[in-house]
Structures are given as C-alpha cells and as structure tokens.
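Below are the chains, spelled out letter by letter.
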Amino acid sequence: MVRALLANRLSVVCCRFRPRRHAVVVVLTARPGPFARFGDVDIAGNGRVSPAVIRRQLGFTPGEPFRQSAIATTQRRLYGLELFQFVTIEPGEVGADGRVPTRITLVEGKHRQVRFGVGWGTEDHARAEAEWKSQNFLGGARSATVQLKGSSLERGVRLSLTDPSLPGGASVGVSGQS
C-alpha cells in the first residue's frame with residue numbers, strides 16, 4: 001500500500017474521525033498500473049542444481065500476464081524440491097515493452113542426509129535404523145533414499161527413487177523384509 005501511495009496510484013479521498021465510535025473512516029481511490037506481462041527470468045545462487053530444473057518449477061512463462069499468485073506458486077514449488085534453504089523471487093519494474101523481468105535468488109541446502117537411530121523395546125529388544133537420502137541424485141532434482149532397519153523380530157531394506165520431472169513426480173520403490 002505504501003508503494004502504491006508513493007507511486008501516485010493510491011490517493012486519500014477523505015478521512016473522518018468518529019470519536020464516539022473510536023473509529024476513523026478513510027476512503028481511498030486506486031488507479032491501476034499499466035498492464036504487464038512476465039519478462040525474462042534471471043536465476044542466481046544455484047550451484048549444483050541446473051537452471052533447467054529451476055525453470056521447470058516456474059508457475060508462469062515469459063509473455064503471460066503478470067500475476068503475483070504465479071510468483072507465490074513458483075516459490076512454493078522450489079521449496080517443495082527440498083533443495084534450497086532460501087528462495088526469493090523479485091519482480092522488477094515494468095519495462096517500456098510492458099514486460100516485468102524476474103530475478104530468482106537461491107541458497108542451496110545440503111543435498112545429502114544421513115540418519116541413525118537405535119532403541120530398545122520389550123517385544124523386539126534391540127533395534128536399529130539407518131537412512132541415507134540424496135536430494136539431487138544424479139542431478140535433475142531426483143530424490144534417492146536407502147533405508148535399513150533391523151531388530152530381533154524383523155530386518156529390512158527399502159530403496160526409493162523419485163523424479164519430479166515425471167508426471168506427478170513419479171516414484172519407484174523396492175523393499176525387502178524378513
């Protein structure tokens with residue numbers, strides 16, 4: 001709102017103070033800005049994640065009408081890959097051609113995780129679990145997981161691979177248990 005006031009797109013028509021009601025009535029008029037379309041997209045901060053993976057997550061294509069909701073969708077999709085600690089998407093100023101350039105700034109997170117767990121239960125006695133996960137397995141934002149479990153009652157291994165570029169982010173898993 002402050003930006004719109006500073007850009008002379010929002011003006012105060014009248015302002016009335018109502019002391020008995022403990023209220024202030026403010027009437028505003030808004031002038032819409034120019035019609036804009038998405039322009040070029042600049043990506044910064046990615047190291048091990050390819051620009052193609054990032055562009056696949058865009059909620060818009062250059063040339064489409066500019067919508068703030070498309071910016072929010074893009075940010076949500078990028079965080080959903082679990083590859084980034086920080087994602088900022090900043091639209092620039094509307095150019096003479098009516099296009100809005102967009103800058104995506106990223107900070108990559110750790111792409112590999114290792115977890116270990118041990119415990120004791122009255123039925124299974126000693127138990128242990130180990131898991132290795134890679135969030136950018138062989139590039140392309142694929143996720144691979146290897147999980148090992150063992151106790152006096154059961155032993156098992158589970159392997160899974162998820163590829164977000166496939167329809168619905170298809171996942172393939174193999175497991176074995178004894």
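Our subject is the structure that appears above.
Cut-offs applied
- Residues numbered from 1 in each chain as written.
- Predicted model: local features only at pLDDT ≥ 70, side-chain atom pairs only at ≥ 80, totals over all residues.
- Heavy atoms only, no water.
- Helix = DSSP H or I, 4+ residues; strand = E, 2+ residues; numbered from the N terminus.
- Buried < 20%, exposed > 50% of the residue type's maximum accessible area, 1.4 Å probe, protein only.
- Contact = heavy atoms within 4.5 Å.
- Patch = residues over 30% accessible without salt bridge, like charges linked within 9 Å, V, L, I, M, F, W, Y side chains within 5 Å.
- Areas by Shrake-Rupley, 256 points an atom, 1.4 Å probe, with all protein chains shown as cover.
- Salt bridge = Lys/Arg side-chain N within 4 Å of Asp/Glu carboxyl O.

> Quick rundown of the overall build of the protein? Include the residues and the values.
A count of helical and extended segments in the protein gives three helices and ten strands. Each helix and strand of the protein, placed in order from N terminus to C terminus, yields the pattern α-β-β-β-α-α-β-β-β-β-β-β-β. Viewed in the frame of its principal axes, the protein has a C-alpha envelope of about 75 × 50 × 25 Å. Burial status across the protein gives 26% buried among its 178 residues. For the protein, the share of sequence-separated contacts (at least 6 apart) that also reach a separation of at least 24 residues comes to 36%.

> Account for a nonpolar patch on the surface, naming residues and giving values.
Among the surface-exposed residues, Phe-17, Val-24, Val-26 and Leu-28 lie close enough to one another that they form a single nonpolar patch of about 380 Å² accessible area. Looking at which element gives the most residues to the nonpolar patch, the answer is strand β2 (residues 23-30), with three residues.

> Describe the pattern of salt bridges, naming the residues involved and giving the relevant values.
On inspection of all chains with the given rule, the structure shows eight salt bridges. For the salt bridge of Arg-48 with Glu-108, the shortest nitrogen-to-oxygen distance reads 3.6 Å. Pair noted here: Arg-48 is in the loop between β3 (37-44) and α2 (51-56) and Glu-108 is in strand β5 (residues 99-108), with a separation of 60 residues, a long-range link. In this structure, a network of salt bridges that share partners links the residues Arg-115, Glu-129 and Glu-131.

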